[in-house]
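Results of the structural survey
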Amino acid sequence: MSPGAVATRDALSVFAGDLFSSMPRVDQRRWAEVYLRGLLLVEGKKSVRRISEDILSLPAHQSLQQFINQSPWEWDRVRADLARYIGSVERPQAWVVSRAAIPKRGERSVGVERRFLHEAGRVVNCQVGLIVSLAVPSANIPVNWRLLLSGRWLNDPDLRASAYIPEGVGSRPEWAGFIEMLDELGSWHGTRAPVVGDLRQLRGAERLVTELDERETGFVLEVDRSLESLSGLPRPRGTRPSHPAREALRCCTASGLGQLGGRGWQGSPAEGSRSQLKVVSSMVDLLGGPGRRTAPRRVRLLTELSPAGTPTRFWLTNLTGHRIDEALALSRLAERSKGSLRALEERFGLRDFEGRSFRGWHHHMTMVSAAYAFDRLA
């Protein structure tokens, strides 16, 4: 073994010792370090058997399987320590909300469903996880996870029992899951950061936007082209609430800026594009739903224009004191999640969990996050 490999293993031992200190038993902390080493060092598919054989040179896969799937260690405490560790190394620039689709064979893995995925353009048999990541200068590092569970899993006693889904786990819309995860991260991390993400395919996106605004949490969120999924949120001043939100966007062409008091901005092209980026900034009312606890507030609608002046992409932000280029720079942090997700899939075993239990899924995702954080920061 090379001196560099020894140094990496020594550093990993220190990292694991700190990160897994909340686990009450010595054997849990030992197996946690073994699993973490496997995610980092095993080439190819990171199955429990391969981790056991490659890291320990022993047929100890049953014990390792038990650690991931049945051992009752609390993943929330490990995630909290991971968030604090990341913040101590690099200051988070934003909190990023995103989703991960994990293809699966068969129907028994917890949460698996046949779903139409817009990003894939087809129906896929998969699990879907919600992610909140810390965007630090080096990467977007996931620190909190939720598994989407449909009524099929929640209402069937046999399926619940087979996946060991706890009694307290029920049906929650995606927007509410993200709010819960962000609230948890706030309790773990202390220092808050703007929330960024792509909400174009998120059901109930208007509720997420409203909840963030009422919490006085800064955000820069990409929204649907017509904003029909955010019906009732942004509208020009002086228009009737019955007007569809897309009317606001129709006013955001280069010839209609005066109707919204908008102003133009030009900047460097987006990555992979040769044309100069053109963005219109307009102030609109954030109305929210009937349960909104505060009066409507003014937020900024950013509209990217094609060279012909046609609106192509849209963002909502309540960071009205930021310059347009600063808000757009924050929005680009959300786009990095695609690269981070590919790295998790290709190098850190995101898709390699072989168990079927709810607890095991959360344990595995927590360990994948820890491996990625170590690789990027330690």
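Residues numbered from 1 in each chain as written. Predicted model: local features only at pLDDT ≥ 70, side-chain atom pairs only at ≥ 80, totals over all residues. Heavy atoms only, no water.

Tallying secondary structure elements over the chain gives twelve helices and ten strands in all. The buried share among the 378 residues of the chain stands at 53%. Long-range pairs, those at least 24 residues apart, make up 64% of the contacts in the chain with a sequence separation of at least 6. Carbon and sulfur atoms make up 48% of the accessible area of the chain, which amounts to about 17,700 Å² in all. (Helix = DSSP H or I, 4+ residues; strand = E, 2+ residues; numbered from the N terminus. Buried < 20%, exposed > 50% of the residue type's maximum accessible area, 1.4 Å probe, protein only. Contact = heavy atoms within 4.5 Å. Areas by Shrake-Rupley, 256 points an atom, 1.4 Å probe, with all protein chains shown as cover.)

Our focus in this paragraph is the nonpolar core. Judged by nonpolar contacts, the single largest core of 97 residues is most densely connected at Phe20, Tyr35, Leu36, Ile86 and Met367. Considering each element in turn, this core owes the most residues, eleven residues, to helix H12 (residues 358-377). Apart from residues lying up to four places away in sequence, Ile86 is in contact with Leu134, Val136, Ile141, Val143, Ala373 and Leu377. Formed by 16 residues, the second largest nonpolar core is a distinct cluster that contains Ala135, Val220, Leu302 and Leu330. (Core = buried A, V, L, I, M, F, W, Y, C linked by side-chain atoms within 4.5 Å.)

Bringing helix H3 (residues 48-56) into the picture now. Every α-helix winds through 3.6 residues per turn, so residues three or four apart in the chain are directed the same way. Where H3 is concerned, the buried positions are Val48, Ile51, Ser52 and Ile55. Seen along its axis, H3 keeps its buried residues to an arc of 100 degrees; they face one direction. Elements that come into contact with the buried residues of H3 comprise helix H2 (26-41) and helix H4 (61-69). Just beyond H3, the residue with positive phi is Ser57, at close to 55 degrees. (Arc of directions from axis to C-beta.)

Evaluation of the coordinates by the stated rule reveals one cavity of 30 Å³ or more. For the largest cavity, the calculated volume is near 30 Å³. Along its surface, the largest cavity is lined by Trp95, Ile179, Leu182, Asp183, Arg192, Val195, Leu212, Arg215 and Thr217. Here the lining of the largest cavity takes three residues from helix H8 (residues 174-189), the largest share from any one element. Of the residues that constitute the lining of the largest cavity, the class distribution is five nonpolar, one polar and three charged. (1 Å grid on protein atoms, 1.4 Å probe; cavity = no way out; pocket = protein on both sides within 12 Å on 5 of 7 lines; lining within 4 Å. Points joined across faces, edges and corners; volume = space filled by probe spheres on them. Nonpolar A, V, L, I, M, F, W, Y, C, P; charged D, E, K, R; others polar.)

Moving on, we get to the packing of H3 against H4. For the pair H3 and H4, interaxial distance at closest approach is 9 Å and the crossing angle is 125 degrees. When the interaxial angle is binned, H3 and H4 end up oblique. Two packed elements cross with a definite hand, and for H3 against H4 that hand is right-handed. Of the residues in H4, those in contact with Val48, Arg49, Ile51 and Ser52 of H3 are His61, Leu64 and Gln65. (Axes fitted to C-alpha atoms, helices over the stretch in contact; angles between N-to-C directions. Parallel < 35°, antiparallel > 145°, perpendicular 65-115°, else oblique. Left-handed = near helix turned anticlockwise from the far one by under 90°.)

On to unusual backbone geometry. Backbone geometry at Ser57 places phi at a positive 55 degrees, although glycine is not the residue there. In this structure, Glu216 takes a positive phi of about 55 degrees despite not being glycine. By the secondary structure assignment, Glu216 is in the loop between helix H9 (205-214) and strand S6 (219-223). By relative accessible area, which is 69% here, Glu216 ends up exposed.

This part takes up the pairing of strand S3 (residues 122-136). When you tally the buried positions in S3, you get 13 out of 15 residues, the bulk of the element. Note that strand S2 (residues 113-117) and S3 share five bridges and pair antiparallel. Within S3, the position partnered with Arg115 by the bridge is Val124. In this antiparallel pair of consecutive strands, S3 and strand S4 (residues 139-147), the connection spans two residues. (Pairing = 2+ DSSP bridges.)

Low-pLDDT stretches of the model should not have their predicted coordinates read in fine detail. Per-residue pLDDT for the chain averages 84, and the proportion of residues at 70 or more is 82%. For residues 1-7, every residue scores under 50 in pLDDT, and the model assigns this stretch two contacts once sequence neighbours within four places are set aside. Counted against residues more than four places away or in other chains, residues 228-262, with its pLDDT under 50, gives 67 contacts. (pLDDT = per-residue confidence, 0-100.)

Another aspect to go through is the packing of aromatic side chains. This model, assessed by the stated rule, comprises six aromatic pairs. Plain terms: the ring middles of Phe15 and Phe374 are 5.2 Å apart, the flat faces sit at 55 degrees to each other, and that makes the pair tilted. Here the residue Phe15 occupies a position in helix H1 (residues 3-19), and Phe374 occupies one in helix H12, the gap between them amounting to 359 residues. For Phe15, a relative accessible area of 6% translates into the label buried. Aromatic side chains Trp145 and Trp361 sit 6.1 Å apart centroid to centroid with 85 degrees between the ring planes, which places their arrangement in the edge-to-face category. Remark: Trp361 occurs in helix H12 and Trp145 occurs in strand S4; sequence separation between them is 216 residues. By the burial criterion, Trp145 is buried, and Trp361 matches it. Three or more aromatic residues link up through ring pairs in this structure, and these residues are Phe15, Tyr85 and Phe374. (Phe/Tyr/Trp six-rings, centres within 6.5 Å; stacked < 30°, edge-to-face > 60°.)

In this section: the environment of Ile165. Checked against the element boundaries, Ile165 lands in the loop between helix H7 (157-163) and H8. We classify Ile165 as buried; its relative accessible area is 8%. The residues contacting Ile165, other than those within four sequence positions of it, are Val110, Leu149, Trp153, Arg160 and Phe358.

This part is about the pattern of salt bridges. On inspection of all chains with the given rule, the structure shows 22 salt bridges. One salt bridge in this structure joins Glu345 and Arg351, with 3.3 Å as the shortest N-O distance. Its relative accessible area of 38% is what places Arg351 among the partly exposed residues. With a closest N to O distance of 3.2 Å, Asp375 and Arg347 form a salt bridge. Pair noted here: Asp375 is in helix H12 and Arg347 is in helix H11 (residues 324-347), with a separation of 28 residues, a long-range link. With relative accessibility at 42%, the residue Arg347 sits in the partly exposed group. Residues joined by salt bridges that share partners form a network here, namely Asp198, Arg200, Glu222, Arg313 and Glu335. (Salt bridge = Lys/Arg side-chain N within 4 Å of Asp/Glu carboxyl O.)

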